[in-house]
Amino acid sequence: MLKQMEGSRAVAEAVAMCRPEVICAYPISPQTHIVEALGEMVKDGTLSPCEFINVESEFAAMSVAIGSSAAGARSYTATASQGLLFMAEAVYNASGLGLPIVMTVANRAIGAPINIWNDHSDALSQRDSGWLQLFAETNQEALDLHIQAFRLAEELSLPVMVCMDGFILTHAYERVDMPTQAQVDAYLPKYVPRQMLDPGEPVSIGAMVGPEAFMEVRYLAHAKQMEALELIPSYAAEFKSVFGRDSGGLTHTYRTEDAETIIVAMGSVLGTIKDVIDEMRDAGHKIGVLGITLFRPFPLARVRESLQGAKRVVVLEKSMAVGLGGILSTNVRMALSGLHMHGYTVIAGLGGRAITKKSLHGLFRQAEQDALEPLTFLDLDWNMVNKQLEREKAHRRSGPVAENLLRDVGVVAARNY
Amino acid sequence: MDKPFAITLDPGSSLANHTGSWRTFRPEYVDRLPPCNAACPAGENIQGWLFHAEAGDYEKAWHALVENNPLPAIMGRVCYHPCEGGCNRQHVDSAVGINSVERFLGDEARKQGWKFAPPAAATGKRVLVVGSGPAGLSAAYHLTRMGHKAVIYEAGPLAGGMMRFGIPKYRLPRDVLDAEIQRLIDFGVEIQLQTKVTDVQQAMKDGFDAVFLGVGAHIAKRAYIPAGDANKVLDAVAVLRGMEGHDAPMLGRKVVVYGGGNTAIDVARTAKRLGAEEAIIVYRRTRDKMPAHDFEVEEALQEGISIKWLTTIKEAGESDIMVEKMALDDKGFPQPTGEFERIEADSVVLALGQDADLSLLENVPGLVVEGGMIKVDAGMMTGHPGVFAGGDMAGNERTVTVAVGHGKKAARAIDAWLRGEQYAPLPKAEIATIERMNSWYYSDAPKTVRPVLDIIRRQSTFEEVLGGLDETNALFEARRCMSCGNCFECDNCYGVCPDNAVIKLGPGKRFKFNFDYCKGCGICATECPCGAIRMVAEEN
Amino acid sequence: MSFQPVKFYQTGTFTVGNRLLPPEERSVQASTKRFNSINSGHRACQGCGEALGARYAIDAAMEATDGQVIAANATGCLEVFSTPYPETSWQIPWIHSLFGNTAAVATGIAAALKVKGLTQTPRTRVVAQGGDGGTTDIGFGCLSGMFERNDDVLYICYDNGGYMNTGVQRSSATPPAARTATTMAVGPAPGNVFGQGKFLPAIAMAHEIPYVATATVADLRDLEAKVRRAMEFRGARYIHILVPCPLGWGTASHDTIKMARLAKETGIFPVFEAEHGEIKSVLAIRRPLPVEDYLRPQKRYAHLFGKTPAVETIAHIQALADKNIRKYGLQARKGDH
Ligand SMILES: Cc1cc2nc3c(=O)[nH]c(=O)nc-3n(C[C@H](O)[C@H](O)[C@H](O)COP(=O)(O)OP(=O)(O)OC[C@H]3O[C@@H](n4cnc5c(N)ncnc54)[C@H](O)[C@@H]3O)c2cc1C
Ligand SMILES: Cc1ncc(C[n+]2csc(CCOP(=O)(O)OP(=O)(O)O)c2C)c(N)n1
Ligand code: SF4
Ligand code: SF4
Ligand code: SF4
Ligand SMILES: [Mg+2]
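Rules of the game
- Residues numbered from 1 in each chain as written.
- Chains lettered and ligands numbered in written order.
- Predicted model: local features only at pLDDT ≥ 70, side-chain atom pairs only at ≥ 80, totals over all residues.
- Heavy atoms only, no water.
- Pairing = 2+ DSSP bridges.
- Helix = DSSP H or I, 4+ residues; strand = E, 2+ residues; numbered from the N terminus.
- Axes fitted to C-alpha atoms, helices over the stretch in contact; angles between N-to-C directions.
- Contact = heavy atoms within 4.5 Å.
- Phe/Tyr/Trp six-rings, centres within 6.5 Å; stacked < 30°, edge-to-face > 60°.
- Buried < 20%, exposed > 50% of the residue type's maximum accessible area, 1.4 Å probe, protein only.
- Lys NZ or Arg CZ within 6 Å of the ring centre and 35° of its normal.
- Domains from an automatic or database assignment.
- Buried area = accessible area lost by both parts, 1.4 Å probe.
- Salt bridge = Lys/Arg side-chain N within 4 Å of Asp/Glu carboxyl O.
- Polar contact = N/O pair within 3.5 Å; in protein donor to acceptor, adjacent residues only side chain to side chain.
- Nonpolar A, V, L, I, M, F, W, Y, C, P; charged D, E, K, R; others polar.

## A word on the sheet that holds strand β11 (residues 261–265) of chain A
All names here are of chain A.
Then, number 1: The six strands lie next to each other as β10-β12-β11-β14-β15-β16, forming an open sheet whose pairing is mixed. In this open sheet, the two edge strands, each paired with only one partner strand, are β10 (251–254) and β16 (375–377). Direction aside, the axes of adjacent strands within the sheet are offset by 20 degrees on average.
Then, number 2: One ladder, built from six bridges, connects strand β14 (residues 312–317) with strand β15 (residues 342–347); its direction is parallel. Its bridge partner being in β15, Arg312 is matched across the sheet by His342.
Then, number 3: Each of β10, β11, β12 (287–292) and β14 is contacted by helix α10 (residues 269–282), which is oriented at about 165 degrees to β12, the strand it contacts most.
Then, number 4: Strands β10, β11, β12 and β14 of the sheet are contacted by helix α11 (residues 300–307), whose axis makes an angle of about 175 degrees with β12.

## Quick look at the packing of aromatic side chains
Then, number 1: One pass over the structure, following the stated rule, counts 33 aromatic pairs over all chains.
Then, number 2: Measuring from centroid to centroid gives 6.0 Å for Trp62 of chain B and Trp114 of chain B, while their planes differ by 50 degrees, and the two rings are tilted. Linking Trp62 of chain B in helix α3 (residues 58–66) with Trp114 of chain B in the loop between α6 (98–112) and β3 (126–130), this pair joins segments that are 52 residues apart in sequence. You'll find Trp62 of chain B and Trp114 of chain B in the same group, each marked buried.
Then, number 3: Between Phe116 of chain B and Tyr141 of chain B, the ring centres sit 4.7 Å apart and the planes meet at 50 degrees, which makes this aromatic pair tilted. A residue pair is termed long-range when its members are at least 10 positions apart, and Phe116 of chain B in the loop between α6 and β3 and Tyr141 of chain B in helix α7 (residues 134–145) qualify at 25 residues.
Then, number 4: On the basis of relative accessibility, which here comes to 9%, the residue Phe116 of chain B falls in the buried class.
Then, number 5: Residue class for Tyr141 of chain B comes out buried when judged on its relative accessible area of 0%.
Then, number 6: Each member of the aromatic cluster is reached from another via a ring pair, and the members are Trp62, Trp114, Phe116, Tyr141 and Phe187 of chain B.
Then, number 7: The ring of Tyr494 of chain B has Arg34 of chain C sitting right over it, with the charged end atom 4.1 Å from the ring centre.

## A few points about the domain arrangement of chain B
Where interface size is quoted, it is often the accessible area lost as the parts come together.
Then, number 1: Once the domains are mapped, chain B shows domain 1 (13–31 + 487–537), domain 2 (37–114 + 452–478), domain 3 (126–218 + 358–418) and domain 4 (221–354).
Then, number 2: Its C-alpha centre places domain 1 of chain B at a distance of 34 Å from the equivalent point of domain 2 of chain B.

## A short note on the interface of chain B and chain A
Then, number 1: Between chain B and chain A, the residue contacts involve 10 residues of the former and 17 residues of the latter.
Then, number 2: Across the chain B to chain A interface the summed buried area is about 1,200 Å²; carbon plus sulfur atoms make up 64%.
Then, number 3: Ranking the residues of chain B by area buried against chain A places Met1, Phe5 and Ile7 of chain B at the top, with a combined share of 51%.
Then, number 4: Linking chain B with chain A are zero salt bridges, by the criterion used here.
Then, number 5: The tally of links between chain B and chain A comes to four residue pairs in polar contact (both at pLDDT 80 or more).
Then, number 6: Broken down by class, the residue content of the side of chain B that touches chain A amounts to seven nonpolar, one polar and two charged.
Then, number 7: Direction of pairing for strand β9 (residues 204–205) of chain A relative to strand β1 (residues 8–9) of chain B: antiparallel, over a ladder of two bridges. Looking at the pairing, Ser204 of chain A lines up with Leu9 of chain B of β1 of chain B.

Next comes the structure, spelled out in structure tokens:
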């Protein structure tokens, strides 16, 4: 059924149709609308049986989910940014224990400086946590990915993070095709836990493992994740047969057939990029885009396959490895190793900085001429940066960078978040 | 369950890890000697019989008791219970009333008509026992148990020795005495009354393979006291023996008893009961030097007997005596002061101790007599092979209990001797001292006080002074026993082991260590209330 | 004659069992059918109070629930010595997640049980357990949250007064003046500081949760009774058990129970229970003792008894014990035993 609704609401309804049994929530923008909606559904009985627990921190949220999942309940939570970092120890633990928790990350920058706007630093900081990570391009996909995520998590007995851009998706009103409960029930079997805390069959979960077996445990976790590369396409196909639309999968290509330049990106920015590409194609440019839906495990072979025909690859990412450059681009580069092609890393949209069509047009054209720096910061205010750098050269101690920069752009006081 | 590798494990699988290899000390269950047992001259296994009494199995308790002592009803009345003096419970609150439980069991046995367990198969050996005092009765009993034929020759008209002709009725009612002697007769002990042995070797010719002598000490010691005709100077043993005849001795209104032992007290209390207005004990030394037991002195004082300390009798006149005050010198000996006083007295009874009459041994070669007592070895054998002796004639400590102990020990030695073996007493286990125990675990439970006859009747009748305990009280008292040194199945070791390394074998079967897992921490040993576990170094 | 009631057994009111007691009046630990929830072969130090306390408590919980217990366990000695791959000592469903999240994990399990049972009262009960560090420090946030929501969890803290598993460092439950690896017996004020204290049972009571109790491994019957009582309630419950650690305290391995007993008898550790924020009973001191008797056998206090004894420090500790005695009404009473 087609509905005009907020992204968060759409995700909440999709999650509810997955019949989660325990939901733990701790508020943080821009995740709040999702858990608020779920809380209401549990409270008014629409979502039942389900325990909705207002925990005292994200660390507790993940921990409660660990407990409930280990006790055999389908468990869900959502967070973002600082919250994800606050729960980090438990994030690793959930995957280490092999617990199929599904978590929405409403992607948001990480402070300091504190910033509530979108980028991918939060989710990508957990890229090695052992969780599967899916990135949604649209609200429709966000909704669909949650349904697939439960299926995937429970089949593999691994936790899955569904990432959607904060505000851009979570707070955007769009038309979505809301599935029926019958469809979801047909697609998502009942949760049969792989291991469970059960007095009838007691086990000890979470043993201490020493050097004699730790490597093996880690290898097995890797091997398990890699199974997702096989499973996901088939689940996407099955999804299509039940719900009638393409959603999920490992990656999506757009107009890459004969492209000489291929852009690689994740999340909602793909929409803007596609618009730009359409316009450039109309102008005769041989350009296309590869959207990464599955970031972990990283579909190396598929990415290589998708990119190997191009002359150059531009990875445009909303994240950054300080001191190195890109995160997504490092992963993409690994897929391309041994291939001789130009590769550019473009850091864009950090902390909610708008990525405009105009800027992209300029960027892509520059790339086509191989006039890009290998590491490019889209729309960086060089004037502002250089001033600070000079100041720092002059006085070794020059006060907090953020404050100085704000002074330079004339923002008097920071807002409260 | 499809368990993830290494992270999820099967329950209880740590049994594969044998932590016993960590041990440097290992616990061991031991049976230590309870101090009460160690202090009991009759060698009773007190803790052993209390163990059954605690469970309310009085018959079993009685049977365990009579393995060592055939006279519990008597013992429960007249024994001075040195066991209670040794009892560790005095360090917690007050000693266990062992004696009162013993009496309860003895009386219960009489009421229920319990019999001794049948004796061992007859050996065909015959042993002569001279004297039916506690030493003789005990020897005869133990010999009978072992299958020997014991025959007692008793000079007197009735059996019991000093228990009958010394200890007054108000402390030992005669029906009690009679019943316990009768049980021995029923058991097979033969007593020939009015059969005085004048020559042991002669008597042995009646077909005996060995002899035990328990003739006691009946000759009163005298002190020289110048006396006029009219005044009656009597000896205590004769007075008390006279109490068993038809006519009570005539002592008069004012009776002075000379001496400081239990006999002196008994005579004074007897005199009071016979109607004396005044019964005065005259003793040379001070109260703390007095050989009589404190509680007896106390009971006598309650009954109105007065005691003159540091006093000697100088002479006895017609209706009074003259006494001299004494003073202790720096060595603590009484010395005359030259201060005199006259006290009214219708009679003076001397209670200065007794000597043994050893005339029946005159012709026996090899005997050694020291200080009027016959010398015996560790197995109660005299210098003459096959002649054994015990009781008052063979020891300084003259009590019924010691006599019973001598009789038992002698019986064992005689048994060995009859088989041509050397008697070797079993090595004694270490004593379970209070330091070896963990008294925390015993709840506070002060001793039960025995009922006492009212004072009027104590002064005018020979009714028994001290009452017995009823069942609940006896049970309470039995359960005060801390079972020193011997496992009482409190389950502590089983419970406190952090490694579950103690195996409980079930009621009455005690416990076992599982050395696969015992790390040797020693908690079980420290927390065993009764000190029945010890830690010993592991040798590698 | 005055009648002496044959109450419990003079030979062993405080013992684990007693052959004379009817089986139903014996402790759980006395039974040959006890669960041994934590089995032999665990790697706790010799004489570990925590290993003992855990078996006492969990076995009692198992007994009270007919074997229907799921446990969540914080990182710490108990976890490490019980579940090193490839062996576990636990015979019950058990999970270890992290150091500081145990109360929350337990909340999750309880929620799962509730939703799975589709009733308000699932048969299976949840116990969370951790050391003092995992409880009073790093796990405190999750614990307080669990209390505040009144989740149906019994949380048991095994207090050995320090971070023992990492090598005896100070926790907020480490008593004043005690030497630990991070509060060494050096300088002008050797050992741990005399801080404000952080007595978690009192904090738990401030949440007014249905049941809060303290216990020690020195009084098994009391401990079991408290676990049993705790299992009669629904909602958040907290039991704080003092478990001496021979390694961390520097005491003989055989003195573990004795040390716990001394802690209680000196007033150092008040033993009581409270319902809905109000104290319901206290375990009175039976044989009053000065704190010195408790301190002296422990090497962690050795610096108090050097050539010049730290009289003032000892007096300070005595004052704290005296305060406990006053505050909780622990003074010995006739007829209490
Ligand atoms: C007044 C009094 C009160 C006492 N109170 C206590 C008390 O409360 N508790 C306690 O423990 N002890 C008490 N005693 C001591 C105790 O009675 C004796 O120590 C004990 O009886 C000694 O036992 P025995 O078998 O050695 O000798 P006895 O009991 O003296 O028995 C010896 C027996 O041998 C017989 N006999 C002697 N010579 C011959 C012979 N030639 N042929 C055949 N038979 C012979 C005697 O007739 C007598 O029956 C008391 C003693 C007295 C005098
Ligand atoms: C987040 C985190 N911080 C620190 C540690 C290290 N650590 C593991 S166990 C432990 C001490 C545990 O102390 P406590 O909870 O008192 O239990 P005990 O070992 O004393 O029984 C510490 C500090 C950890 N595992 N996780
Ligand atoms: S602790 Fe108790 S059960 Fe164990 S040996 Fe000692 S008395 Fe017997
Ligand atoms: S308590 Fe257990 S481990 Fe310690 S010595 Fe005794 S049996 Fe061995
Ligand atoms: S360090 Fe302490 S708490 Fe840890 S196992 Fe050893 S004794 Fe037990
Ligand atoms: Mg600790």
